[in-house]
Amino acid sequence: MAKLHEECGVFGVCVPDPRERDAAYTAYRALYALQHRGQESAGIAVRRGGQLLLRKAPGLVPEVFDKKTLSDLSGADAAIGHVRYTYDGAERDTFRAQPLLVRHAAGDMALCYNGKLVNARQLRMESETRGGIFQTGTDAEIISHIIVREHLRTNTTEDAILNAMHYMIGAYSLIVLDGKKLIAARDPNGYRPLCIGRVGGCWCAASESCAFEALGGEMVRDVEPGEVVVLTEDGPVSRNVNILARHALCSFELIYFARPDSVIDGVSVDLFRREAGRRLARRSSVEADIVVGVPDSGLSAAQGFAEASGIPYAMGLMKNRYIPRTFIQPTQGQREQSVRIKLNAMGSTVRGKRVILVDDSIVRGTTSARLVKLLRDSGAAEVHFKVSAPPFLNPCYFGTSLPDCRELAAHGRTKEEVCSLIGADSLQYLTVEDMRAAASGLRWGHCDACFTGDYAVPVPHGH
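Quick caveat, the model's predicted, so the values are computed rather than measured. (Residues numbered from 1 in each chain as written. Predicted model: local features only at pLDDT ≥ 70, side-chain atom pairs only at ≥ 80, totals over all residues. Heavy atoms only, no water.)

(A) Here's a closer look at the overall build of the protein chain. Per the secondary structure count, the protein chain includes 16 helices and 23 strands. In summary, the protein chain has a C-alpha radius of gyration of 23 Å against a globular reference of 23 Å for 463 residues, a match within 12%. Viewed in the frame of its principal axes, the protein chain has a C-alpha envelope of about 70 × 45 × 45 Å. For the protein chain, the proportion of its 463 residues judged to be buried stands at 57%. (Helix = DSSP H or I, 4+ residues; strand = E, 2+ residues; numbered from the N terminus. Rg over C-alpha atoms; globule rule 2.2 N^0.38 Å. Buried < 20%, exposed > 50% of the residue type's maximum accessible area, 1.4 Å probe, protein only.)

Structure follows, in structure tokens:
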């Protein structure tokens, strides 16, 4: 794993005007805007004539959906879509792709979600002891079992979701489609982003606001932690679950996962990253000639660093945007050289220069070391590594693909030892205090447990 990854992205749209019912195509375009959140599989479920139809498969959005597939889903008055990432290669199959379509006694339901449940194993065991049968190892299937169970005790899907939220602990931004309604829900902690937007006369929900803008619409507001929203033709109808919880948006949504043109919980992602870079610069005493950002998530922080330090910003690394998802590196030697395929240093820019290199994180340190070597091989006189996040020290249980603690570069090592590991002339992390200050505009709180160990909910025993 060269970089961190997050589980997935979700989208839902309700199209009330019968003359404009092309919900599948709207979802397709929105998933393009959310492709950065997941590249392993894509799926869309639609409601047409009160019936639910589904198409999903491994692959990128344009690989899964062609003109014929979208034509087969046309005429729908509502749709939900999903892009998925998994860091377990064995799970790249259609069964684990979302949305999940469930046919049950109270009616059909399609579901997609973003996040990870802390108590998934316990919930699954409880369901299995009652006769529940599972076909996959996904949390989505566990969530569907709980909602169906609660639906048998309630009158509506939204009531069932509100009841189910009392059992589910952890991160989930959820979009559900049934025969009559489109519903969005966010866990009481608010770990993963979810927002509501409007595109013409259509109401939508998405993981990020960039999906609405890609459709020519606009964001209306965030879904609040613990809120369940029914999207109707007259607008959102809101209800809140009665659960006291500490608000804890994942910090890495702002640092890395989200697109820079998104706004999450009231904070511009681009402006947050620029401020992180500025704060890095204010604590830096390194003399340098240029500031270089690692594409793409390090660029905004690098620009902020340059603005605050007065050191010129330069495009010192060029990213190849045409590397396919299935790019194969069969030998260790080829894997070591893969960074040259994805990123190339611009020798005319860095040669003979003292370079400040800004990236969003150091995970294992292998990619960081290759970037430093790439700049040195291209003639950089010095390479000073600046990280727009604090060091990773603890595991994440809420959907971020952090490896085992023992594999984290900063775990058990001093800053000087990490600097030596990656071969840089100096190393600087963003402090926890500066990260919190940069995120001070958030409407609700955030989670920084991967840096501090301060979890908002109890985590599994034995970790």
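(B) Focus on the sheet that holds strand 1 (residues 8–14). If you trace the seven strands from one edge of the open sheet to the other, you get 3-2-4-1-10-9-11, paired in antiparallel fashion. With partners counted over all chains shown, the strands left at the sheet margins are strand 3 (51–58) and strand 11 (218–222), one partner each. Shown here is a sheet whose adjacent strand axes are inclined to one another by a mean of 15°, direction ignored. Bridging between strand 9 (residues 195–199) and strand 11 involves four bridges; their strand directions are antiparallel. Note on strand 11: the bridge partner recorded for Cys195 is Asp222. Contacts from helix 1 (residues 23–33) reach strand 1, strand 2 (41–48) and strand 4 (78–84), with the element oriented near 25° to strand 4. (Pairing = 2+ DSSP bridges. Axes fitted to C-alpha atoms, helices over the stretch in contact; angles between N-to-C directions. Contact = heavy atoms within 4.5 Å.)

(C) Looking closely at helix 5 (residues 139–151). For helix 5, spanning 13 residues, the distance from its first C-alpha to its last is 18 Å, which sits close to the expected 18 Å at 1.5 Å a residue. Of the surrounding secondary structure, the elements contacted by the buried residues of helix 5 are strand 5 (100–104), strand 6 (107–117), helix 4 (120–129), helix 6 (157–164) and strand 7 (170–178). (Expected span 1.5 Å × (residues − 1).)

(D) Quick peek at the environment of Asn394. Among the secondary structure elements, Asn394 is positioned in the loop between strand 21 (382–387) and helix 14 (415–422). Take Asn394: its relative accessible area is 19%, and that puts it in the buried class. Sequence separation between Asn394 and Leu408 is 14 residues; the distance between their C-alpha atoms is 8.7 Å. When residues no more than four places from it in sequence are discounted, the contact partners of Asn394 are Leu402, Cys405, Leu408, Ala449, Cys450, Phe451, Thr452, Gly453 and Tyr455. From its side chain, Asn394 meets the backbone oxygen of Ala449 in a polar contact 3.1 Å long. (Polar contact = N/O pair within 3.5 Å; in protein donor to acceptor, adjacent residues only side chain to side chain.)

(E) Just the sheet that holds strand 5, in detail. Taken together, the six strands give an open sheet; going across it, the order is 5-6-7-8-12-13, and neighbouring strands pair in antiparallel fashion. Of all strands in the sheet, those bounded by a partner on one side alone are strand 5 and strand 13 (235–240). For this sheet, the mean inter-axis angle between neighbouring strands, taken without regard to orientation, is 20°. Running at roughly 130° to strand 6, helix 5 makes contact with strand 5, strand 6 and strand 7 of the sheet.

(F) Local environment of the nonpolar core. Counting 38 residues, the largest nonpolar core has Phe252 and Phe451 as its most contacted members. Of all the secondary structure elements, the ones that give two or more residues to this core are strand 14 (249–250), helix 8 (251–257), helix 9 (269–282), helix 10 (299–309), strand 20 (354–359), helix 15 (432–438) and helix 16 (449–452). Setting aside residues up to four positions removed in sequence, Phe451 forms contacts with Ser251, Phe252, Ile255, Ala389, Pro390, Pro391, Phe392, Leu393, Asn394, Val432 and Met435. Ala24, Val64, Phe65 and Cys195 belong to the second-largest nonpolar core, a separate cluster that totals 31 residues. (Core = buried A, V, L, I, M, F, W, Y, C linked by side-chain atoms within 4.5 Å.)

(G) Quick peek at the packing of helix 4 against helix 5. Packing of helix 4 against helix 5 leaves a shortest axis separation of 10 Å and a crossing angle of 50°. Here helix 4 lies oblique to helix 5, going by the angle between them. Where helix 4 crosses over helix 5, the handedness of that crossing is left-handed. Where helix 4 abuts helix 5, its residues Ala120, Leu123, Arg124 and Ser127 lie against Asp139, Ile142, His145 and Ile146. (Parallel < 35°, antiparallel > 145°, perpendicular 65-115°, else oblique. Left-handed = near helix turned anticlockwise from the far one by under 90°.)

(H) Fine view of unusual backbone geometry. Of note, the amide linkage connecting Gln98 to Pro99 takes the cis form, showing an omega dihedral of 5°. Even without glycine at this site, Asp265 takes up a positive phi of about 50°. Tracing the backbone through its elements, the reader meets Asp265 in the loop between strand 15 (263–264) and strand 16 (267–268). For Asp265, a relative accessible area of 1% translates into the label buried.

(I) Highlighting helix 14. Residues Val418, Cys419 and Ile422 constitute the buried set of helix 14. Seen end-on, helix 14 carries its buried residues on one side only, within an arc spanning 105°. Turned more than 90 degrees away from the buried face of helix 14 sit Glu416 and Ser420, all of them exposed. The secondary structure elements touched by the buried residues of helix 14 are helix 13 (366–377), strand 21 and strand 22 (426–429). Following helix 14 by one or two positions, Gly423 has its phi on the positive side, about 80°. (Arc of directions from axis to C-beta.)

(J) View of the packing of aromatic side chains. Enumeration according to the criterion identifies 13 aromatic pairs in this entry. Their ring planes at 80° and their centres at 6.5 Å tell us that Tyr397 and Phe398 sit as a pair that is edge-to-face. When sorted by exposure, Tyr397 lands in the same class as Phe398, which is buried. Aromatic rings pair up to connect Phe252, Tyr256, Phe257, Phe392 and Phe451 into one cluster. Its guanidinium or amino end placed over the ring of Tyr167, Arg149 lies 4.6 Å from that ring's centre, counting from NZ or CZ. (Phe/Tyr/Trp six-rings, centres within 6.5 Å; stacked < 30°, edge-to-face > 60°. Lys NZ or Arg CZ within 6 Å of the ring centre and 35° of its normal.)

(K) Local environment of the side chain of Lys56. Within the secondary structure, Lys56 sits in strand 3. Side-chain polar atoms of Lys56 contact the backbone oxygen of Ala97, separated by 2.8 Å. A distance of 3.1 Å separates a polar atom in the side chain of Lys56 from the backbone oxygen of Pro99. Residues in contact with Lys56, not counting those within four places in the same chain, are Ala42, Gly43, Val64, Thr94, Phe95, Ala97, Gln98, Pro99 and Leu100.

The values are spatial; any link to function lies outside them.
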